[in-house]
Every structure is written in structure tokens, then in C-alpha cells.
Amino acid sequence: MGEKPSFGYRGHLMLLVTIALGMFLDGLDGTIVNVALPDISESFAIDSSMSSWIVTIYFLVLAGLVLIFGKLCDSGAIKSILVAGFVTFSLASLACGLSNSIGLLLAFRAVQGIGASMLAASSIMLSVRFLPTNMTSFGLGVGLLGSSIGAAIGPALGGILAETISWHWIFFINVPVGLVAALVAMKAIPKDTGFDRSEFDYKGSVMLFLSLVTGLYALESFPSHGITTITVVSLVLFVILFSAFVLYERRVSLPVLKLSLFRGRSFVAVTVSFLIMNACYMGCLYLLPYFMRVELGFDTIRCGLFLLIMAVMTLIFCLKIGKMADIRGNRPFVIAGFAVLVVAMAIFCIISAEMPVWVLVIGLVLLGTVWGVAGGPIGSRLIDNVPPEERGSGSSMLSFFIYFGSALGTALFAGLFGFGSASAGQPIADLDQAVFMDGFTFAMMFGAVLAVVGLTLSCAINERRLQA
């Protein structure tokens, strides 16, 4: 990478502001939309299957492209990627807010995902590329803090905007922030030099992305819609594309995903548990706003404030757990996180409108605690189970699994809800409370089983014993 450029105090400050803004937008949009999904669903009269794609398509595009943009940033195009990310994200947010059909909204959410993938790939890399060595960790911390703050205020802000103005404003709010951030980035980041157009696995990336799209569609569609022509076609395409991807990746010199890593039993177990934790969390985050609206009669503001409980709990614990995990190891905290997740999912399996509100509060507290206690350690544990010479690939895969897990959880729980409620094609706002609870409880029961599987896998792998 060469020597890092020299900045004064003001230059370092502007870089830190740029990092914080990029990660803030990424964190904000990951949570602000969920609380307004009931309003959007009612506005377009869509069912749970279709509404889930408002979230899924965003994270799916993010996961599919973050590896590509990460490589481009690492090759010397970091300023171009970051500025383009802010502009793309802002314009796509404007288009999302102006959308007058679900088709347009989904299309522009995909474009928004492109911008978000640029931000996710480049924001944190600024710390490594441009900040002095003694400020690198501080820069990374600023980025994580920006993301955490965005994720924390997202539900409450989304609820206030959707209730007092309209759901369109959960997208409009991104526009001024993104455009200001683009101007700051243009001034703060040095001009790109020495861009390396080295070989990159674009074909593998395209095959992986298309296989994810078709696979997730089949996963979401089959439980709720059964065997239909489009479901069968999606499943066949997934099998063909994924098989072609695996065969191709085994021959290419620089694969987008190092499939050889999956030969290690511990890596597979940790990766699956990571996906389970992310999927359960995002699945709950998708269904809980509907539960609060349909069953409890909450308005959007109250839904957002209740979801804020999760974010607050995550922030409280994550600030303290990192140092403790460095001393005691990641495994105990991951196991503790899954134990809490099992209890949280069990509560959501039995919850009903007749129960006191404090039962919901306890469930939200526990769900937020899961990521606060285990979010950082389970990510570090995944990297720890990668051979030292493959740590670079492991870091890229971690970013991929974060966003893929979010898409997977939303699609999976939406499909399970549709199956359990037998409500395919029916707008959620029109569902009877008993029918809604059939779907909600079924999805949460499946999630509880997944949480137990994740707990079992986390206990089964003991890195210290393997190293002994």
C-alpha cells in the first residue's frame, strides 16, 4: 500500500467524520425500515412474502457486492468507491421515498443496497489506509460507534417519521446526510493513485450472487406458496448456479470465496452458528413490528421505541465485552449469547396479546443482549478459526456472512410465517389476530430450534482443546 499520507489534526478529524458518517448510514438503514414495514405493507396492500423483500433485497445486494467493492477499494479506488457510495445511496433513498408501487420500491432498494455495499466496503478501510498506526484502532472504533448509533436510533426515528409524516420519510432522511457526507469525503480523502486492475473473480461473484437470489427466493416462497412454477424454476436455477459456482471456484486462482476453508470442521460449525444467530435476530426484527401492530395495537412510534430497547442493550454490553473476550477467549461469550437467544426465542414462542407488556420487554432485552454479549466474539471466533495465511479471506467472508445472514433470516422467517398462517397473498393488515399468531408462533418455534442448534455447535467447538 506504500506509506500513509501525512495529515494534520483537521485532516484526521475529517477522515474520522467521514468514517462515522459512512457507517452511520449503513447502521441506520439496517434498522429504520423494519419498524415502518407494517405501514408500507398497508400502503401497497402486500402480504408478508412480498414485504420481506423490502429488507431482503437490500441485504442480499449488500452481501453479493461487498466482496467486489472491497477488492476495488484495496486495489486503490477507495475515494471513488466511497464518494460514489454516498451519492448512490442518497439518490436511491430519494427514489425509494418517491416510489408509488412495490415494484419500484424493490428496484430502488436494490440500488440502495449497491450504495450501501460501497460504504460498507470502504468506510472502515479508511482507518487502515490513511490514519496513523497509533490511530487505526481508534478509527475502527469510531466506525463501529457510528454504525451502532445508526442502528440504535433507527427504530425510534423510523417510528416517529412514519407516524407523524409518512413512511416515505424514512428514506428521505438519508438524502441530506449522504450528500453532505459525499462533500466531506471529497475533501477529506486523498485522490486515488496507482489503481491496480489485477485479476478478480468477477464471474464467480456473479454466479454466487445469482445463486443467492434464486436460493433465497425459493426458501422464502416454498413454505408460504407451496410448489409453484416460479418456485421450482428458482430452485432448479439455484442448484445449477451454485453447482457451477463451486466447480468454477475450485479452478480459479483468486476465488471470491475460499471454499477450502470449509474443509475445517470448526470453521463450518462457527460459520453456521454465526448465520443462525444473525438469522434469528433479523427474523425477529422483521416480525416483531407486525406483532406489536396487529396483536398489541401499538402505533408506529411506540413500536420504534420498544425496538429501541434491543439497540440500547446491545450498546450497553458491547462496550464492555470486547476487552473481556480478549482476556477470557471468545467461546464463553458466544455460548452465553446463544443461551440467552434460546430463552428469548422461547419467550416469543409463548407470547400473546393477553400477556403483560413486560413479557415483551423481557424478550426485547434478551434479544438485544444476544448481540451485545456475542456479536463481537462470534465474529472474532470466525476469524480465529481461519488459518493464519487466510486471515484476509476470513475478514472478507465475515462481511459477507453478516449481510447474507440478515437477508437469510428475513426471508426464512417470512416464509415460515406464511406457512404457519396459511396467509400467502393476503395483506398482513387484513389478517385475523388468531391467524397472525399461528404464523408468528410457528416462525418463532422454528427459530427456537435453530437457536438450540447454534448453542450445540458453539459448545461442540473448543479452540483451546484443539490447540492443545
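All figures in this text were calculated on a predicted structure; none of them were measured in a lab.

A. Just the overall build of the protein chain, in detail. A tally of regular secondary structure across the protein chain gives 17 helices and 0 strands. Burial statistics for the protein chain: of 468 residues in total, 57% are counted as buried. Summing over all exposed atoms, the protein chain offers an accessible surface of approximately 19,200 Å²; the carbon and sulfur share of this is 68%.

B. Region of the structure containing the state of the cysteines. If you walk through the whole model with that rule in mind, you get 0 disulfides. Free cysteine C349: the closest other cysteine sulfur is in C284, separated by 9.0 Å.

C. Quick look at the packing of helix α2 (residues 37–44) against helix α11 (residues 265–294). Closest axis-to-axis distance for the α2/α11 pair is 9 Å, and the angle between their directions is 75°. Taken together, the axis directions place α2 and α11 in an arrangement best described as roughly perpendicular. When α2 is examined against α11, the residues L37, P38, D39, S41 and E42 are found in contact with a partner set consisting of Y286, P289, Y290 and R293. Residues belonging to the contact of α2 with α11 are distributed by class as follows: 5 nonpolar, 1 polar and 3 charged.

D. How the structure looks around the packing of aromatic side chains. Summed over the entire model, instances satisfying the criterion amount to 14 aromatic pairs. Centre to centre, the rings of F44 and W167 are 5.6 Å apart; their planes meet at 65°, and the pair counts as edge-to-face. With F44 in helix α2 and W167 in the loop between α6 (136–164) and α7 (169–172), this residue pair connects regions lying 123 residues apart in the sequence. As far as the burial class goes, F44 and W167 line up, both buried. With a centroid separation of 5.3 Å and 75° between ring planes, the pair formed by Y58 and F59 is classed as edge-to-face.

E. Quick peek at the side chain of D39. With respect to the secondary-structure elements, D39 resides in helix α2. There is a polar contact of 2.9 Å between the side chain of D39 and the side chain of T300. Apart from the residues lying within four places of it in its own chain, the contact partners of D39 are A162, W167, R293 and T300.

F. Layout of the pattern of salt bridges. Counting across every chain of the model gives 1 salt bridge. Of the charged contacts in the structure, one is a salt bridge between D39 and R293, with a shortest N-O distance of 3.0 Å. One end of the pair, D39, is in helix α2; the other, R293, is in helix α11, and 254 residues separate them in sequence. Given the relative accessible area of 21%, R293 is considered partly exposed.

G. Summary view of the environment of I351. Relative to the helices and strands, I351 is located in the loop between α13 (331–350) and α14 (357–384). Considered as a pair, I351 and F291 are 60 residues apart in the sequence and their alpha carbons are 9.9 Å apart. Among all residues touching I351, those that are not within four sequence positions of it are F291, V359, L360, M437 and F440.

H. Fine view of the packing of α13 against helix α16 (residues 433–460). Axis separation between α13 and α16 bottoms out at 8 Å; the angle between their running directions is 160°. Our classification of the angle between α13 and α16 gives roughly antiparallel. Where α13 crosses over α16, the two elements pack in a sense that is left-handed. Two secondary-structure elements touch here, α13 through R331, V334, I335, F338, A339, L341, V342, M345, F348 and C349 and α16 through F440, T441, M444, M445, G447, A448, A451, V452, G454, L455, S458 and C459.

I. Quick peek at α14. Relative to the 40 Å expected for 28 residues at 1.5 Å per residue, α14 spans 41 Å between its end C-alpha atoms, a close match to the ideal helical length. At A374, α14 is deflected by roughly 45°, the largest bend along its length, and proline P377 occurs up to four residues later in sequence. Buried residues dominate α14, accounting for 20 of its 28 residues.

J. Fine view of the environment of V373. Checked against the element boundaries, V373 lands in helix α14. Counting along the chain gives 40 residues from V373 to F333, while the straight-line C-alpha distance between them is 6.1 Å. Aside from chain neighbours lying at most four places away, what touches V373 is F317, I321, F333, A336 and G337.

K. The confidence of the model for the protein chain, seen in detail. Across the protein chain, the average pLDDT comes to 81, with 84% of residues at 70 or higher. By mean pLDDT, the top-scoring element of the protein chain is α13 (93), and the lowest-scoring one is helix α17 (residues 463–467) (55).

L. Representation of the environment of A414 within the structure. Secondary-structure assignment places A414 in helix α15 (residues 391–421). Residue A414 is classed as buried on the basis of its relative accessible area, which comes to 1%. Placed 128 residues apart in sequence, A414 and Y286 show a C-alpha to C-alpha distance of 8.0 Å.

Scoring rules and cut-offs
- Residues numbered from 1 in each chain as written.
- Predicted model: local features only at pLDDT ≥ 70, side-chain atom pairs only at ≥ 80, totals over all residues.
- Heavy atoms only, no water.
- Helix = DSSP H or I, 4+ residues; strand = E, 2+ residues; numbered from the N terminus.
- Buried < 20%, exposed > 50% of the residue type's maximum accessible area, 1.4 Å probe, protein only.
- Areas by Shrake-Rupley, 256 points an atom, 1.4 Å probe, with all protein chains shown as cover.
- Disulfide = S-S within 2.5 Å.
- Axes fitted to C-alpha atoms, helices over the stretch in contact; angles between N-to-C directions.
- Parallel < 35°, antiparallel > 145°, perpendicular 65-115°, else oblique.
- Contact = heavy atoms within 4.5 Å.
- Nonpolar A, V, L, I, M, F, W, Y, C, P; charged D, E, K, R; others polar.
- Phe/Tyr/Trp six-rings, centres within 6.5 Å; stacked < 30°, edge-to-face > 60°.
- Polar contact = N/O pair within 3.5 Å; in protein donor to acceptor, adjacent residues only side chain to side chain.
- Salt bridge = Lys/Arg side-chain N within 4 Å of Asp/Glu carboxyl O.
- Left-handed = near helix turned anticlockwise from the far one by under 90°.
- Expected span 1.5 Å × (residues − 1).
- Bend = angle between axes of the 7 residues up to and from the residue.
- pLDDT = per-residue confidence, 0-100.

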